[in-house]
Amino acid sequence: LIGEIRKRDRWTKLVMSTAYGGVDIAVAAMKGGADDYLTKPVSLDEIALLVDKLLSQSRLEGSLSYFQAREKQQSGLERILGNSPAVVEMKQRIRFLIAAERAADSEGAQPGPPVLILGETGVGKELVARALHFDGPRAKQPFISVNCAALPEQLVESEFFGHERGAFTGASDKKIGLFQAAEGGTLFLDEIGELPLPQQAKLLKAIEDKVIRPVGSVRDRTINVRFITATNAALEEQSRQAEFRSDLFYRLNTVTIDVPPLRKRGDDIAILAEAFIAEFQLRYARSKLSLTLNARTALLRHTWTGNVRELRNVIEQACLMCARDAIDKSDLNLRELPSLVPEPSEMPHPDQSKLIEIERSLIIDALRQHSGNVTLAARKLGVSRDTLRYRMEKYTLRRHHYL
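So, here is what we can say about the structure in this document. Residue numbers restart at each chain and count upward from 1, following the sequence in its written direction. Predicted model: local features are reported for residues with pLDDT of at least 70 only, side-chain atom pairs are reported and counted for 80 or more only, and whole-chain, interface and lining totals are derived from all residues. Side-chain figures throughout are based on the complete set of non-hydrogen atoms in the structure, without hydrogens or water.

## Concerning the overall build of the protein
A run of H or I in DSSP becomes a helix once it reaches four residues, and a run of E becomes a strand once it reaches two; helices and strands are each numbered from the N terminus. A tally of helices and strands in the protein yields 17 helices and eleven strands. Counting only C-alpha atoms and orienting by the principal axes, one finds that the protein spans roughly 100 × 55 × 45 Å. The buried share of the protein, taken over its 403 residues, is 40%. In what follows, residue pairs with any heavy atoms lying within 4.5 Å of each other are defined as contacts. Pairs at least 24 apart in sequence give 69% of the contacts found in the protein among residues at least 6 apart. By element, 52% of the accessible surface of the protein is carried by carbon and sulfur atoms, the whole surface being about 22,700 Å². Working convention for charge: Lys and Arg count positive, Asp and Glu count negative, and His plus the chain ends are omitted. Note on charges: their place is set at NZ of Lys, CZ of Arg, CG of Asp or CD of Glu. Across the protein, the mean location of the 57 positive side-chain charges is 2 Å away from that of the 53 negative side-chain charges. Only protein chains enter the calculation, and the probe is 1.4 Å; a residue is then buried if its accessible area is under 20% of its type maximum, exposed if over 50%, and partly exposed in between. Here the Shrake-Rupley method, with its probe set to 1.4 Å, supplies the accessible areas, and only the displayed protein chains count as covering residues.

In C-alpha coordinates:
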(Lines give C-alpha, C1' and ligand atoms only; values in the text may rest on other atoms or scores of the structure.)
Protein backbone atom coordinates (compact mmCIF):
# COMPACT_ATOMS: atom_id res chain seq x y z
CA LEU A 1 0.00 0.00 0.00
CA ILE A 2 2.79 2.41 0.89
CA GLY A 3 4.47 1.79 -2.46
CA GLU A 4 1.23 2.44 -4.39
CA ILE A 5 0.52 5.67 -2.49
CA ARG A 6 4.06 6.88 -3.00
CA LYS A 7 3.89 6.30 -6.77
CA ARG A 8 0.92 8.67 -6.99
CA ASP A 9 1.88 11.20 -4.35
CA ARG A 10 5.46 11.97 -3.38
CA TRP A 11 4.56 14.77 -0.92
CA THR A 12 2.10 13.21 1.57
CA LYS A 13 3.78 12.07 4.76
CA LEU A 14 3.35 8.35 5.51
CA VAL A 15 3.88 6.62 8.86
CA MET A 16 3.48 2.88 9.34
CA SER A 17 2.28 1.55 12.69
CA THR A 18 2.00 -2.15 13.51
CA ALA A 19 1.93 -4.52 16.47
CA TYR A 20 4.07 -7.01 14.53
CA GLY A 21 7.25 -4.98 14.79
CA GLY A 22 10.50 -6.23 13.46
CA VAL A 23 13.60 -5.06 11.66
CA ASP A 24 12.58 -6.61 8.34
CA ILE A 25 9.15 -4.92 8.32
CA ALA A 26 10.66 -1.57 9.32
CA VAL A 27 13.27 -1.76 6.55
CA ALA A 28 10.64 -2.77 3.98
CA ALA A 29 8.36 0.12 5.01
CA MET A 30 11.13 2.70 4.76
CA LYS A 31 12.28 1.33 1.40
CA GLY A 32 8.69 1.45 0.16
CA GLY A 33 8.54 5.19 0.89
CA ALA A 34 7.38 5.54 4.51
CA ASP A 35 8.64 8.61 6.35
CA ASP A 36 8.69 6.92 9.74
CA TYR A 37 7.77 3.71 11.56
CA LEU A 38 6.05 3.13 14.93
CA THR A 39 5.56 -0.08 16.92
CA LYS A 40 2.36 -0.54 18.91
CA PRO A 41 1.42 0.30 21.57
CA VAL A 42 1.98 3.95 20.62
CA SER A 43 1.43 6.80 23.05
CA LEU A 44 -0.41 9.94 21.93
CA ASP A 45 2.58 12.05 23.02
CA GLU A 46 4.84 10.08 20.70
CA ILE A 47 2.40 10.55 17.82
CA ALA A 48 2.16 14.29 18.56
CA LEU A 49 5.96 14.68 18.45
CA LEU A 50 6.17 12.74 15.21
CA VAL A 51 3.37 14.76 13.57
CA ASP A 52 5.07 18.04 14.57
CA LYS A 53 8.34 16.80 13.11
CA LEU A 54 6.71 15.74 9.83
CA LEU A 55 4.75 18.99 9.53
CA SER A 56 7.98 21.00 9.98
CA GLN A 57 9.67 18.82 7.37
CA SER A 58 6.73 19.31 5.01
CA ARG A 59 6.86 23.11 5.39
CA LEU A 60 10.62 23.09 4.78
CA GLU A 61 10.20 20.97 1.63
CA GLY A 62 7.41 23.28 0.43
CA SER A 63 9.60 26.36 0.91
CA LEU A 64 12.51 24.67 -0.85
CA SER A 65 10.25 23.63 -3.73
CA TYR A 66 8.93 27.19 -4.04
CA PHE A 67 12.38 28.76 -4.16
CA GLN A 68 13.64 26.16 -6.64
CA ALA A 69 10.63 26.80 -8.89
CA ARG A 70 11.14 30.57 -8.66
CA GLU A 71 14.83 30.25 -9.43
CA LYS A 72 14.05 28.09 -12.46
CA GLN A 73 11.42 30.56 -13.63
CA GLN A 74 13.96 33.38 -13.48
CA SER A 75 16.51 31.40 -15.50
CA GLY A 76 16.75 29.84 -18.93
CA LEU A 77 17.34 30.95 -22.49
CA GLU A 78 14.04 32.85 -22.65
CA ARG A 79 15.42 35.21 -19.98
CA ILE A 80 18.24 36.28 -22.32
CA LEU A 81 16.51 39.09 -24.20
CA GLY A 82 17.66 40.51 -27.51
CA ASN A 83 17.56 40.01 -31.27
CA SER A 84 20.94 41.41 -32.27
CA PRO A 85 23.13 39.12 -34.42
CA ALA A 86 25.66 38.72 -31.57
CA VAL A 87 22.99 37.60 -29.09
CA VAL A 88 21.24 35.32 -31.61
CA GLU A 89 24.58 33.62 -32.35
CA MET A 90 25.34 33.24 -28.62
CA LYS A 91 21.91 31.74 -27.88
CA GLN A 92 22.26 29.34 -30.80
CA ARG A 93 25.61 28.19 -29.42
CA ILE A 94 23.99 27.56 -26.03
CA ARG A 95 21.15 25.58 -27.66
CA PHE A 96 23.61 23.37 -29.56
CA LEU A 97 25.52 22.62 -26.36
CA ILE A 98 22.37 21.79 -24.35
CA ALA A 99 21.00 19.60 -27.16
CA ALA A 100 24.30 17.69 -27.38
CA GLU A 101 24.36 17.14 -23.60
CA ARG A 102 20.76 15.90 -23.53
CA ALA A 103 21.41 13.53 -26.43
CA ALA A 104 24.47 12.07 -24.68
CA ASP A 105 22.96 11.87 -21.18
CA SER A 106 19.29 12.79 -20.83
CA GLU A 107 19.29 12.28 -17.05
CA GLY A 108 22.42 14.34 -16.41
CA ALA A 109 24.12 11.50 -14.54
CA GLN A 110 27.53 12.60 -15.83
CA PRO A 111 28.76 16.20 -15.70
CA GLY A 112 28.99 17.98 -19.02
CA PRO A 113 32.21 19.59 -20.26
CA PRO A 114 33.53 22.65 -18.42
CA VAL A 115 32.30 25.92 -19.93
CA LEU A 116 34.16 29.23 -19.80
CA ILE A 117 31.98 32.34 -20.22
CA LEU A 118 33.83 35.46 -21.32
CA GLY A 119 32.56 39.03 -21.20
CA GLU A 120 32.88 42.44 -19.63
CA THR A 121 31.55 43.26 -16.19
CA GLY A 122 27.77 43.51 -16.14
CA VAL A 123 26.98 41.79 -19.46
CA GLY A 124 25.02 38.96 -17.83
CA LYS A 125 27.47 36.05 -17.64
CA GLU A 126 25.58 34.44 -14.76
CA LEU A 127 22.38 34.52 -16.84
CA VAL A 128 24.17 32.41 -19.46
CA ALA A 129 25.38 29.99 -16.77
CA ARG A 130 21.83 29.65 -15.42
CA ALA A 131 20.50 28.97 -18.91
CA LEU A 132 23.04 26.17 -19.37
CA HIS A 133 21.95 24.60 -16.07
CA PHE A 134 18.19 25.13 -15.98
CA ASP A 135 17.63 24.24 -19.65
CA GLY A 136 20.05 21.33 -19.43
CA PRO A 137 19.71 17.76 -18.13
CA ARG A 138 20.72 18.78 -14.58
CA ALA A 139 17.91 21.31 -14.14
CA LYS A 140 16.45 19.52 -11.09
CA GLN A 141 19.78 19.49 -9.27
CA PRO A 142 21.45 22.34 -7.32
CA PHE A 143 22.90 25.41 -9.01
CA ILE A 144 25.54 26.98 -6.75
CA SER A 145 27.02 30.35 -7.68
CA VAL A 146 30.10 31.86 -6.04
CA ASN A 147 32.12 35.00 -6.78
CA CYS A 148 35.79 34.06 -6.45
CA ALA A 149 36.81 37.71 -6.04
CA ALA A 150 34.68 37.94 -2.87
CA LEU A 151 36.34 34.98 -1.12
CA PRO A 152 39.14 35.80 1.38
CA GLU A 153 42.31 34.06 0.15
CA GLN A 154 42.88 32.23 3.46
CA LEU A 155 39.34 30.77 3.38
CA VAL A 156 39.09 29.73 -0.29
CA GLU A 157 40.02 26.09 0.37
CA SER A 158 37.57 25.78 3.26
CA GLU A 159 34.75 27.38 1.26
CA PHE A 160 35.38 25.13 -1.75
CA PHE A 161 36.08 21.79 -0.05
CA GLY A 162 34.62 22.21 3.44
CA HIS A 163 36.40 21.38 6.69
CA GLU A 164 36.28 19.00 9.62
CA ARG A 165 35.64 20.13 13.17
CA GLY A 166 38.86 21.41 14.73
CA ALA A 167 40.68 21.61 11.39
CA PHE A 168 41.87 25.12 12.24
CA THR A 169 41.28 27.84 14.82
CA GLY A 170 37.62 28.78 14.78
CA ALA A 171 36.43 25.57 13.08
CA SER A 172 34.06 24.61 15.89
CA ASP A 173 31.75 22.61 13.62
CA LYS A 174 32.04 20.45 10.55
CA LYS A 175 31.17 22.33 7.35
CA ILE A 176 30.39 21.06 3.85
CA GLY A 177 31.97 23.01 1.02
CA LEU A 178 30.54 24.43 -2.19
CA PHE A 179 31.67 21.35 -4.15
CA GLN A 180 29.58 19.07 -1.94
CA ALA A 181 26.64 21.51 -1.92
CA ALA A 182 26.61 21.35 -5.73
CA GLU A 183 26.73 17.53 -5.82
CA GLY A 184 24.83 16.24 -8.84
CA GLY A 185 24.34 19.79 -10.14
CA THR A 186 26.36 22.77 -11.33
CA LEU A 187 29.00 24.91 -9.63
CA PHE A 188 29.34 28.36 -11.22
CA LEU A 189 32.63 30.11 -10.42
CA ASP A 190 32.40 33.78 -11.35
CA GLU A 191 35.50 35.98 -11.66
CA ILE A 192 37.69 32.87 -11.90
CA GLY A 193 40.64 35.07 -12.89
CA GLU A 194 40.74 36.41 -9.30
CA LEU A 195 41.39 32.96 -7.79
CA PRO A 196 44.84 32.83 -6.10
CA LEU A 197 47.45 30.60 -7.75
CA PRO A 198 47.70 28.03 -4.90
CA GLN A 199 43.95 27.42 -5.04
CA GLN A 200 44.06 27.17 -8.84
CA ALA A 201 46.16 24.00 -8.52
CA LYS A 202 43.64 22.43 -6.13
CA LEU A 203 40.73 23.40 -8.37
CA LEU A 204 42.48 21.78 -11.34
CA LYS A 205 42.95 18.54 -9.39
CA ALA A 206 39.28 18.52 -8.32
CA ILE A 207 38.10 19.00 -11.92
CA GLU A 208 40.44 16.38 -13.41
CA ASP A 209 40.25 13.70 -10.69
CA LYS A 210 36.66 14.44 -9.53
CA VAL A 211 37.95 14.09 -5.98
CA ILE A 212 38.20 16.56 -3.09
CA ARG A 213 39.56 16.39 0.45
CA PRO A 214 37.99 18.64 3.13
CA VAL A 215 40.42 20.64 5.24
CA GLY A 216 41.48 18.54 8.22
CA SER A 217 40.23 15.26 6.72
CA VAL A 218 42.37 12.24 5.86
CA ARG A 219 39.93 10.82 3.30
CA ASP A 220 39.15 11.86 -0.24
CA ARG A 221 35.56 12.26 -1.44
CA THR A 222 34.39 11.78 -4.97
CA ILE A 223 32.27 14.53 -6.51
CA ASN A 224 29.87 14.70 -9.42
CA VAL A 225 29.79 18.39 -10.30
CA ARG A 226 29.48 20.27 -13.59
CA PHE A 227 31.81 23.31 -13.69
CA ILE A 228 30.94 26.60 -15.36
CA THR A 229 33.33 29.52 -14.95
CA ALA A 230 33.23 33.16 -16.01
CA THR A 231 35.65 36.04 -16.17
CA ASN A 232 36.06 39.55 -17.53
CA ALA A 233 39.84 39.13 -17.57
CA ALA A 234 42.05 38.09 -20.47
CA LEU A 235 42.93 34.65 -19.08
CA GLU A 236 45.05 33.68 -22.06
CA GLU A 237 47.22 36.76 -21.53
CA GLN A 238 47.32 36.10 -17.79
CA SER A 239 48.48 32.54 -18.39
CA ARG A 240 51.30 33.80 -20.64
CA GLN A 241 52.40 36.12 -17.83
CA ALA A 242 52.19 33.28 -15.25
CA GLU A 243 49.36 35.07 -13.43
CA PHE A 244 46.96 32.19 -14.17
CA ARG A 245 47.80 28.51 -14.55
CA SER A 246 47.88 27.61 -18.22
CA ASP A 247 46.87 23.98 -17.53
CA LEU A 248 43.78 25.18 -15.64
CA PHE A 249 42.96 27.65 -18.40
CA TYR A 250 43.02 24.95 -21.07
CA ARG A 251 40.97 22.65 -18.82
CA LEU A 252 38.29 25.28 -18.20
CA ASN A 253 37.79 26.44 -21.78
CA THR A 254 36.71 23.12 -23.24
CA VAL A 255 33.71 25.12 -24.43
CA THR A 256 33.87 28.94 -24.62
CA ILE A 257 30.91 31.30 -24.84
CA ASP A 258 31.46 35.01 -25.49
CA VAL A 259 28.82 37.40 -24.15
CA PRO A 260 28.71 40.60 -26.25
CA PRO A 261 28.91 44.01 -24.53
CA LEU A 262 25.74 46.09 -24.55
CA ARG A 263 27.21 48.79 -26.80
CA LYS A 264 27.47 46.20 -29.62
CA ARG A 265 23.86 45.02 -29.32
CA GLY A 266 22.08 47.91 -31.07
CA ASP A 267 18.31 47.90 -30.59
CA ASP A 268 18.61 45.29 -27.84
CA ILE A 269 19.20 48.27 -25.53
CA ALA A 270 15.61 49.45 -26.08
CA ILE A 271 14.25 45.89 -25.68
CA LEU A 272 16.03 45.48 -22.35
CA ALA A 273 14.96 48.94 -21.19
CA GLU A 274 11.31 48.12 -21.87
CA ALA A 275 11.64 44.82 -20.00
CA PHE A 276 13.16 46.59 -16.98
CA ILE A 277 10.39 49.21 -17.04
CA ALA A 278 7.76 46.44 -16.99
CA GLU A 279 9.51 44.83 -14.01
CA PHE A 280 9.85 48.05 -12.00
CA GLN A 281 6.29 49.13 -12.74
CA LEU A 282 5.09 46.13 -10.77
CA ARG A 283 7.66 46.48 -8.01
CA TYR A 284 7.03 50.17 -7.34
CA ALA A 285 3.30 50.27 -8.24
CA ARG A 286 3.85 52.61 -11.19
CA SER A 287 1.53 52.17 -14.16
CA LYS A 288 1.75 53.29 -17.77
CA LEU A 289 5.45 54.19 -17.65
CA SER A 290 7.05 54.54 -21.08
CA LEU A 291 10.12 55.99 -22.78
CA THR A 292 9.94 59.17 -24.86
CA LEU A 293 11.67 59.28 -28.24
CA ASN A 294 14.43 61.49 -26.80
CA ALA A 295 15.02 59.01 -23.96
CA ARG A 296 15.14 56.07 -26.35
CA THR A 297 17.63 57.89 -28.58
CA ALA A 298 19.81 58.78 -25.58
CA LEU A 299 19.85 55.16 -24.43
CA LEU A 300 20.93 53.95 -27.87
CA ARG A 301 23.75 56.54 -28.06
CA HIS A 302 25.15 55.92 -24.57
CA THR A 303 28.43 53.97 -24.32
CA TRP A 304 27.26 51.64 -21.50
CA THR A 305 30.62 50.81 -19.94
CA GLY A 306 28.70 49.10 -17.12
CA ASN A 307 26.68 47.10 -19.67
CA VAL A 308 23.30 45.56 -18.74
CA ARG A 309 23.85 46.16 -15.02
CA GLU A 310 24.30 49.88 -15.67
CA LEU A 311 21.19 49.97 -17.89
CA ARG A 312 19.13 48.26 -15.22
CA ASN A 313 20.25 50.74 -12.57
CA VAL A 314 19.51 53.71 -14.85
CA ILE A 315 16.00 52.46 -15.61
CA GLU A 316 15.26 51.63 -11.96
CA GLN A 317 16.25 55.12 -10.86
CA ALA A 318 14.13 56.66 -13.63
CA CYS A 319 11.09 54.58 -12.62
CA LEU A 320 11.51 55.68 -9.01
CA MET A 321 12.20 59.37 -9.55
CA CYS A 322 10.19 60.26 -12.64
CA ALA A 323 7.15 62.38 -11.68
CA ARG A 324 5.38 61.71 -14.98
CA ASP A 325 4.37 58.58 -16.84
CA ALA A 326 6.70 59.45 -19.72
CA ILE A 327 10.40 58.90 -18.95
CA ASP A 328 12.40 61.59 -20.75
CA LYS A 329 16.12 61.96 -21.39
CA SER A 330 16.48 64.23 -18.33
CA ASP A 331 15.10 61.44 -16.10
CA LEU A 332 17.74 58.92 -17.13
CA ASN A 333 20.72 60.54 -15.40
CA LEU A 334 23.17 59.11 -17.94
CA ARG A 335 26.83 59.62 -17.15
CA GLU A 336 29.71 59.08 -19.50
CA LEU A 337 32.85 57.32 -18.28
CA PRO A 338 35.04 60.00 -16.68
CA SER A 339 38.69 60.35 -17.57
CA LEU A 340 41.20 59.78 -14.80
CA VAL A 341 43.60 62.28 -16.40
CA PRO A 342 43.38 65.85 -15.05
CA GLU A 343 42.89 68.59 -17.61
CA PRO A 344 46.36 69.89 -18.57
CA SER A 345 46.68 73.66 -18.34
CA GLU A 346 49.94 73.97 -20.19
CA MET A 347 49.35 71.47 -23.00
CA PRO A 348 46.27 72.38 -25.07
CA HIS A 349 46.90 69.54 -27.52
CA PRO A 350 48.78 66.80 -25.66
CA ASP A 351 50.03 63.70 -27.37
CA GLN A 352 47.54 60.79 -26.99
CA SER A 353 50.22 58.31 -25.95
CA LYS A 354 51.31 60.65 -23.14
CA LEU A 355 47.74 60.93 -21.90
CA ILE A 356 47.45 57.16 -21.77
CA GLU A 357 50.73 56.86 -19.88
CA ILE A 358 49.66 59.57 -17.39
CA GLU A 359 46.35 57.82 -16.75
CA ARG A 360 48.05 54.45 -16.30
CA SER A 361 50.56 55.98 -13.86
CA LEU A 362 47.76 57.55 -11.80
CA ILE A 363 46.04 54.18 -11.46
CA ILE A 364 49.27 52.41 -10.48
CA ASP A 365 50.08 55.06 -7.85
CA ALA A 366 46.59 54.79 -6.33
CA LEU A 367 46.78 50.98 -6.20
CA ARG A 368 50.21 51.09 -4.58
CA GLN A 369 49.09 53.59 -1.94
CA HIS A 370 46.16 51.38 -0.98
CA SER A 371 47.88 47.97 -1.31
CA GLY A 372 45.77 46.83 -4.25
CA ASN A 373 42.42 47.77 -2.66
CA VAL A 374 40.34 48.72 -5.72
CA THR A 375 37.57 50.41 -3.70
CA LEU A 376 39.95 52.75 -1.85
CA ALA A 377 41.97 53.45 -5.00
CA ALA A 378 38.78 54.36 -6.89
CA ARG A 379 37.74 56.69 -4.05
CA LYS A 380 41.11 58.46 -4.19
CA LEU A 381 40.81 58.90 -7.97
CA GLY A 382 37.24 60.15 -7.69
CA VAL A 383 35.66 57.46 -9.88
CA SER A 384 33.42 54.44 -9.31
CA ARG A 385 34.84 51.01 -8.58
CA ASP A 386 33.49 49.66 -11.89
CA THR A 387 35.13 52.53 -13.77
CA LEU A 388 38.49 51.77 -12.20
CA ARG A 389 38.16 48.02 -12.89
CA TYR A 390 37.35 48.86 -16.52
CA ARG A 391 40.51 50.99 -16.77
CA MET A 392 42.61 48.34 -15.02
CA GLU A 393 41.43 45.76 -17.53
CA LYS A 394 42.22 48.15 -20.37
CA TYR A 395 45.82 48.54 -19.16
CA THR A 396 46.13 44.88 -18.01
CA LEU A 397 46.76 45.88 -14.39
CA ARG A 398 46.19 43.25 -11.69
CA ARG A 399 45.46 44.27 -8.10
CA HIS A 400 47.47 41.39 -6.56
CA HIS A 401 50.64 42.96 -8.03
CA TYR A 402 50.26 45.76 -5.48
CA LEU A 403 49.29 43.79 -2.36
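## Overview of the nonpolar core
Among the buried residues, those of types Ala, Val, Leu, Ile, Met, Phe, Trp, Tyr and Cys that are joined through side-chain atoms within 4.5 Å form a nonpolar core. One finds F160, F179, L187, L189, I192, L203 and F227 to be the most contacted residues of the largest nonpolar core, which totals 28 residues. Where this core is concerned, the elements lending two or more residues are β4 (143-147), α6 (156-161), α7 (178-181), β5 (186-190), α8 (197-209) and α10 (246-252). Among the elements that make up this core, the one with the highest residue count is α8 (four residues). Excluding anything up to four places from it in sequence, L189 contacts V146, C148, F160, L203, I228, T229 and A230.

## Some words on the packing of aromatic side chains
Whether two aromatic rings pair depends on their centres lying within 6.5 Å, for rings of Phe, Tyr and Trp, where Trp uses its six-membered ring; planes under 30 degrees apart make the pair stacked, over 60 edge-to-face, and the rest tilted. Tallied over the full model, the rule gives eight aromatic pairs. Centre to centre, the rings of F179 and F227 are 5.5 Å apart; their planes meet at 55 degrees, and the pair counts as tilted. You can see F179 sitting in helix α7 and its partner F227 sitting in strand β8 (residues 226-231), a full 48 residues away along the chain. Here the aromatic cluster, defined as three or more aromatic residues joined through ring pairs, consists of F160, F161, F179 and F227.

## Examining the pairing of β8
Of all six residues that make up β8, six are buried, and the element is covered over most of its length. Going residue by residue along β8, you find R226, I228 and A230 tucked away on one face and F227, T229 and T231 tucked away on the opposite face as well. Note on pairing: DSSP must find at least two bridges between two strands before they are called paired. Summarising the sheet, strand β3 (residues 115-118) and β8 pair through four bridges and their orientation is parallel. Across the sheet, the residue bridging to L118 is T231, located in β8. Pairing analysis gives four bridges linking β5 to β8, with the strands arranged parallel. The partner of F188 across the bridge, within β8, is I228.

## Description of helix α5 (residues 125-134)
With respect to burial, α5 is a largely interior element, eight of its ten residues being buried. Inspection of α5 places K125, V128, A129, R130, A131, L132, H133 and F134 among the buried residues, and these make up the whole buried set.

## Quick notes on a nonpolar patch on the surface
A patch is a set of surface residues, each over 30% in relative accessible area and not in a salt bridge, joined within 9 Å for like charges and within 5 Å for the nonpolar side chains Val, Leu, Ile, Met, Phe, Trp and Tyr. Definition used for salt bridges: Asp or Glu carboxyl oxygen within 4 Å of a side-chain nitrogen of Lys or Arg. Side chains of L44, I47, V51 and L55 sit close together on the surface and give an oily, nonpolar patch of about 360 Å² of accessible area. For L55, the position within the fold is in helix α3 (residues 44-73).

## Some points on the environment of E208
Along the chain, E208 falls in helix α8. Given a relative accessible area of 45%, E208 falls into the partly exposed group. Sequence separation between E208 and R251 is 43 residues; the distance between their C-alpha atoms is 8.3 Å.

## A short note on the sheet that holds strand β9 (residues 255-258)
As summarised here, the arrangement of the five strands in space is β4-β5-β8-β3-β9, forming an open sheet in which the pairing is parallel. Single-partner strands in this sheet number two, and they are β4 and β9. For this sheet, the mean inter-axis angle between neighbouring strands, taken without regard to orientation, is 20 degrees. Sitting on the sheet, α5 touches β3, β4, β5, β8 and β9, and the angle it makes with β4 is about 160 degrees. Lines fitted to C-alpha atoms define the axes here, with helix axes fitted over just the stretch in contact, and angles between the N-to-C directions of these axes take values from 0 to 180 degrees.

## Quick look at the side chain of S84
Positionally, S84 belongs in the loop between α3 and α4 (85-104). Here a polar contact means two N or O atoms within 3.5 Å. Within protein one must be a hydrogen donor candidate and the other an acceptor candidate, and residues neighboring in sequence count only if both atoms are side-chain atoms. Side chain to side chain, S84 and D268 meet in a polar contact 2.6 Å long. Once you skip the residues sitting within four places of it in the chain, S84 turns out to touch R265 and D268.

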